[in-house]
Amino acid sequence: MKAILPIGFLLFAAIVSMGQSVLAIQVSYSLNEVGGSGIIKGGDATELNERLEADIGTYQFSGSVLPDRTGLIGVRSGFRAAVSRFIPGFSPEPGSGGLIDVGGEAPDSDTGLGGPFEEPFTEWSRVTIDTLAAGTYQTVADINGLSATNDVGFVQFDWVVSGTSNLFLDATGPGDVTVNDALSLATIRPTGDLSIPDTFLHDRSSDGDFINDLSSANLEIDSFLVPFDFTQLDVGETPQIAVDFELAVATRLDITNDNNLGNFEALFDADFDNTATLINVTVLDVSENAIIGASVTDSFTGTSLVASSVPEPSSLALVALIGCVGSIRRRRQA
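Residues numbered from 1 in each chain as written. Predicted model: local features only at pLDDT ≥ 70, side-chain atom pairs only at ≥ 80, totals over all residues. Heavy atoms only, no water.

*Asks:* Explanation requested: the overall build of the protein chain in the structure shown.
*Replies:* Helix and strand counts for the protein chain come out as one helix and 16 strands. The proportion of buried residues among the 334 residues of the protein chain is 49%. The contacts in the protein chain between residues at least 6 apart in sequence include a share of 77% that link residues at least 24 apart. Carbon and sulfur atoms make up 52% of the accessible area of the protein chain, which totals about 14800 Å². (Helix = DSSP H or I, 4+ residues; strand = E, 2+ residues; numbered from the N terminus. Buried < 20%, exposed > 50% of the residue type's maximum accessible area, 1.4 Å probe, protein only. Contact = heavy atoms within 4.5 Å. Areas by Shrake-Rupley, 256 points an atom, 1.4 Å probe, with all protein chains shown as cover.)

Okay, structure coming up:
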């Protein structure tokens, strides 16, 4: 999937790429309340469920990285937000912090910031929310069944990736806002590859102040060719190759308050739990033909790298197609 992406998204993808290279914190968020609390960041190694009361909004950040399992990567990332808006059971009661009750339980003039005759207003000018979850599948593999003439070639890794992306935003009400970004993305690629790859992109930024959209697609196959050259191996030495892939999902909302009356609620969820599945590993010669009798097994367990089961295709599956650069080449299967 090749696409011409706007400069703003390219910058976002580059930032996400840099974040993925540091796996100490694999589930993270970044909040910037301009006119409020400013920049706030947080994260966790495997699972995040954090509620935050900032100056102008209430936020719930969530995400997870599932434990390592053969041939599988699963990640999820998202958030809930209420800014200058009362959501029963989630945000504080009207009358504090510049909240506007769009349900009509309090008069518009009652913002908690002054007397009953003051005009209603909200103090924030811009809110930007980013979330990211990144998980890896890493091992060392033995290449078995090569002959003396099979010293240069490739190992082909075939992945299928599925998931759902749900973007909800309600910024309707007494104020005017501009939605700069409202999107999610998913990528799978060799860990540490900082190029901007082909990617699944669910972008509803142009939908205005109300968004309610679920994006999905059927399972497909994405292949990566990792080259090997074992001409320097000792006699009888088993050739080995590093297996290191990363699946990342991210969400982003960037919204501007145009007339000091803006308010919104949002719920973004990019769910790729248990969905990046390694379904086939093939040893190829230099002409990219399969080498008969060659196989790849985990160096530590001696078992296959391929997952024992593959998710069934469904109308709620998303596909992440990733390109590779440098010594790693990608071949799309029909």
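Now that the structure has been shown, the text picks up again.
*Asks:* Sorry, what's going on with the pattern of salt bridges here?
*Replies:* This model, assessed by the stated rule, comprises 11 salt bridges. When the shortest N-O distance is used, the salt bridge between Asp 213 and Arg 204 registers 3.9 Å. On the accessibility criterion, Asp 213 (22% relative accessible area) is partly exposed. Close ionic contact of Asp 254 with Arg 252 constitutes a salt bridge, the shortest N to O distance being 3.8 Å. Judged on exposure class, the residue Asp 254 and its partner Arg 252 are both buried. One network of salt bridges, in which partners are shared, links Arg 126, Asp 130, Asp 181, Arg 252 and Asp 254. (Salt bridge = Lys/Arg side-chain N within 4 Å of Asp/Glu carboxyl O.)

*Asks:* Looking at this model, I keep getting lost on the packing of aromatic side chains. Mind explaining?
*Replies:* The final tally for this structure, using the stated rule, is 10 aromatic pairs. Between Tyr 29 and Phe 61, the aromatic rings sit 3.8 Å apart at their centres with planes inclined by 5°, giving stacked as the arrangement. Taken as a pair, Tyr 29 in strand β1 (residues 27-34) and Phe 61 in strand β4 (residues 57-65) lie far apart in primary sequence, 32 residues in all. Both residues of the pair, Tyr 29 and Phe 61, belong to the buried class. Ring centres of Tyr 137 and Trp 159 lie 6.1 Å apart, and the angle between their planes is 80°; on these two criteria the pair is classed as edge-to-face. Pair noted here: Tyr 137 is in strand β6 (residues 126-144) and Trp 159 is in strand β7 (residues 152-160), with a separation of 22 residues, a long-range link. As far as burial versus exposure is concerned, Tyr 137 and Trp 159 are alike and both buried. (Phe/Tyr/Trp six-rings, centres within 6.5 Å; stacked < 30°, edge-to-face > 60°.)

*Asks:* Looking at this structure, I do not really get the nonpolar core. What am I missing?
*Replies:* Across soluble globular proteins, nonpolar side chains show a tendency to be buried alongside one another. With 60 residues, the main nonpolar core has Tyr 59, Val 127, Phe 157, Trp 159 and Phe 264 as its most contacted residues. Among the elements that take part in this core, strand β14 (residues 264-285) stands out by supplying nine residues, more than any other. (Core = buried A, V, L, I, M, F, W, Y, C linked by side-chain atoms within 4.5 Å.)

*Asks:* Can you walk me through the side chain of Thr 251 in this structure?
*Replies:* Within the secondary structure, Thr 251 is located in strand β13 (residues 240-257). Reaching out from Thr 251, the side chain makes a polar contact with the side chain of Thr 131 at a distance of 2.5 Å. (Polar contact = N/O pair within 3.5 Å; in protein donor to acceptor, adjacent residues only side chain to side chain.)

*Asks:* How do you make sense of unusual backbone geometry when you look at a structure like this?
*Replies:* Even without glycine at this site, Asn 260 takes up a positive phi of about 60°. Along the chain, the position of Asn 260 falls in the loop between β13 and β14. Residue classification places Asn 260 among the partly exposed positions, given a relative accessible area of 44%. Even without a glycine there, the phi angle at Glu 288 is positive, about 65°. Here Glu 288 lies in the loop between β14 and β15 (295-298).

*Asks:* Help me understand the pairing of strand β8 (residues 164-170), please; the structure alone is not making it clear to me.
*Replies:* Every regular strand shows the same layout, with side chains that alternate between the two sheet faces. With respect to burial, β8 is a largely interior element, five of its seven residues being buried. Of the strand pairs in this sheet, β8 and β14 are connected by seven bridges, and their pairing is antiparallel. Looking at the pairing, Phe 168 lines up with Leu 267 of β14. Bridge count between β8 and strand β11 (residues 210-215): six bridges; the pairing is antiparallel. Bridged to Leu 167 within β11 is Asp 213. (Pairing = 2+ DSSP bridges.)

*Asks:* For this particular structure, what's the right way to read the environment of Ser 64?
*Replies:* The residue Ser 64 is located in strand β4 in this model. Exposure remark for Ser 64: the relative accessible area of 14% places this residue in the buried category. Note: C-alpha distance between Ser 64 and Gln 26 (38 residues apart in sequence) is 8.3 Å. A polar contact is formed between the side chain of Ser 64 and the side chain of Asp 273, at a distance of 3.4 Å.

*Asks:* Any chance you could explain the side chain of Thr 297 here in plain terms?
*Replies:* Within the element layout of this structure, Thr 297 appears in strand β15. Separated by 3.2 Å, the side chains of Thr 297 and Asn 144 make a polar contact.

*Asks:* Teacher, can you tell me more about the pairing of β1 here?
*Replies:* What you see with β1 is a clean split: Val 27, Tyr 29, Leu 31 and Glu 33 sit on the buried side and Ser 28, Ser 30, Asn 32 and Val 34 on the side with no burial. Sheet topology places β1 next to β6; eight bridges connect them, and they run antiparallel. Following the sheet pairing, Asn 32 is matched in β6 by Thr 128. Of the pairings in the sheet, the one linking β1 to strand β2 (residues 38-44) comprises seven bridges and is antiparallel in character. What sits directly across from Tyr 29, in β2, is Gly 42. A loop of three residues connects β1 with β2, the two strands running antiparallel in sequence, and Gly 35 in this loop sits at a positive phi of about 95°.

Keep in mind these values describe shape, not function.
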